[in-house]
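Coordinate inspection notes
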Amino acid sequence: MSTKEKVREKVSRKEAPTLNNEIIVYNDDVNTFDHVIETLMRVCEHTAEQAEQCSLIVHYNGKCTVKTGPLDKLKPQCTQLLEAGLSAEIV
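Here is a short report on the structure shown in this document. (Residues numbered from 1 in each chain as written. Predicted model: local features only at pLDDT ≥ 70, side-chain atom pairs only at ≥ 80, totals over all residues. Heavy atoms only, no water.)

1. Considering the overall build of the protein
- Counting its regular elements, the protein contains three helices and three strands.
- Each helix and strand of the protein, ordered N terminal to C terminal, gives the series β-α-α-β-α-β.
- When burial is assessed residue by residue, the protein has 27% of its 91 residues classed as buried.
- Taking all contacts inside the protein whose residues are at least 6 apart in sequence as the whole, residues at least 24 apart take part in 68%.
- Carbon and sulfur atoms form 50% of the exposed surface of the protein, whose accessible area is close to 7,200 Å². (Helix = DSSP H or I, 4+ residues; strand = E, 2+ residues; numbered from the N terminus. Buried < 20%, exposed > 50% of the residue type's maximum accessible area, 1.4 Å probe, protein only. Contact = heavy atoms within 4.5 Å. Areas by Shrake-Rupley, 256 points an atom, 1.4 Å probe, with all protein chains shown as cover.)

2. Overview of a nonpolar patch on the surface
- Together, F33, L56 and Y60 make up an exposed nonpolar region whose accessible area comes to about 330 Å².
- Here Y60 lies in helix α2 (residues 48-61). (Patch = residues over 30% accessible without salt bridge, like charges linked within 9 Å, V, L, I, M, F, W, Y side chains within 5 Å. Salt bridge = Lys/Arg side-chain N within 4 Å of Asp/Glu carboxyl O.)

3. Here's the deal with unusual backbone geometry
- Positive phi outside glycine occurs at E45, with the angle close to 60 degrees.
- Turning to its location among the elements, E45 is positioned in the loop between α1 (33-43) and α2.

4. Concerning the nonpolar core
- Core analysis: the biggest nonpolar cluster contains 17 residues, and I23, V25, L40, C44, V66, L81 and A88 have the highest contact counts within it.
- Only β1 (21-26), α1, α2, β2 (63-69) and α3 (71-83) provide two or more residues apiece to this core.
- Per-element tally for this core: the top contributor is α1, with four residues.
- Residues within four places of V25 in sequence aside, it is in contact with V58, G62, K63, C64, V66, L81, S87 and A88. (Core = buried A, V, L, I, M, F, W, Y, C linked by side-chain atoms within 4.5 Å.)

Dropping the structure here:
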């Protein structure tokens with residue numbers, strides 16, 4: 001006769017709040033790299049290196065998540081990106 005042992009684990013269902021809202025910038029044929037970089041630095045508070053990397057990702061992949069956070073903070077930033085002529089949306 002064999003004995004099987006059952007083990008129960010208690011898993012906590014509490015999770016840290018996630019910042020699942022993202023601003024995505026899309027590639028276009030209008031804006032220059034310099035304009036995109038300067039805009040990301042001004043609006044999203046990116047460093048020059050971050051802004052350059054995002055602009056390259058946008059160029060080669062067609063889109064890039066440039067900012068994550070709470071919706072109330074992202075809305076005005078996305079509006080500023082759109083007003084600067086970039087193609088962007090919050091998802």
